[in-house]
Amino acid sequence: EPAFESPCRRLTFTADGRRVVSAHSNKRSTETTGVIRVWDSSTGRVERMWRCDFAHIVDLAASPDGELIAAAGSGGGVWDLSGQLLLRRKEPWSSV
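Just so you know, these numbers come straight off a predicted model, no measurement behind them.

Participant: How would you explain the overall build of the protein chain if you had to name every residue and give the values?
Facilitator: In terms of regular secondary structure, the protein chain is built from 0 helices and 8 strands. Listed N to C, the secondary structure of the protein chain is β-β-β-β-β-β-β-β in terms of helices and strands. Taking all 96 residues of the protein chain together, the buried fraction comes to 40%. For the protein chain, long-range pairs separated by at least 24 residues make up 25% of all intrachain contacts whose partners lie at least 6 apart in sequence. Surface summary for the protein chain: the accessible area is close to 5,900 Å², and the carbon and sulfur share equals 52%.

Here it is as structure tokens:
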């Protein structure tokens, strides 16, 4: 897995500074998806990675305790860092 599939769209740190979270758009053929990575700020290594079915991430946040990550854009989701689970998902929006 390459370190970056596209330029970083959003970046945030956890409150304790131990992790950095980055959001990227990933174009593969005609499909565009998002990629969210959690990095160890001291080693620069990726700890976790999620692919999401929305690509246009306009905001990214970490909870004050550093256990949850939220992303919003053309869709949205909340992930639990300890269990790597998608806790909540918002379907991508479509125009009417």
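Still more ground to cover, so stick around.
Participant: Kindly report on the nonpolar core, identifying the contributing residues and their values.
Facilitator: Within the largest apolar cluster, 13 residues are counted, with the highest numbers of intra-cluster contacts made by Ile36, Ala71 and Trp79. Mapped onto this core, the elements with two or more residues apiece are β2 (19-28), β3 (31-40), β4 (46-52), β5 (57-62) and β6 (68-73).

Participant: Explain the environment of threonine 43 to me, and be specific about the residues and the numbers.
Facilitator: Tracing the chain through its elements places threonine 43 in the loop between β3 and β4. On a C-alpha basis, the gap between threonine 43 and arginine 19 in space is 9.9 Å, while along the polypeptide they are 24 residues apart. Among the polar contacts listed, one links the side chain of threonine 43 to the backbone nitrogen of arginine 45, at a separation of 3.2 Å.

Participant: Summarise the side chain of histidine 24; cite the residues concerned and give the values.
Facilitator: By the secondary structure assignment, histidine 24 is in strand β2. For histidine 24, a relative accessible area of 0% translates into the label buried. Here serine 22 takes part through its side chain, which lies 2.9 Å from a polar atom of the side chain of histidine 24.

Procedures and definitions
- Residues numbered from 1 in each chain as written.
- Predicted model: local features only at pLDDT ≥ 70, side-chain atom pairs only at ≥ 80, totals over all residues.
- Heavy atoms only, no water.
- Helix = DSSP H or I, 4+ residues; strand = E, 2+ residues; numbered from the N terminus.
- Buried < 20%, exposed > 50% of the residue type's maximum accessible area, 1.4 Å probe, protein only.
- Contact = heavy atoms within 4.5 Å.
- Areas by Shrake-Rupley, 256 points an atom, 1.4 Å probe, with all protein chains shown as cover.
- Core = buried A, V, L, I, M, F, W, Y, C linked by side-chain atoms within 4.5 Å.
- Polar contact = N/O pair within 3.5 Å; in protein donor to acceptor, adjacent residues only side chain to side chain.

What is shown is where atoms sit, not what they do.
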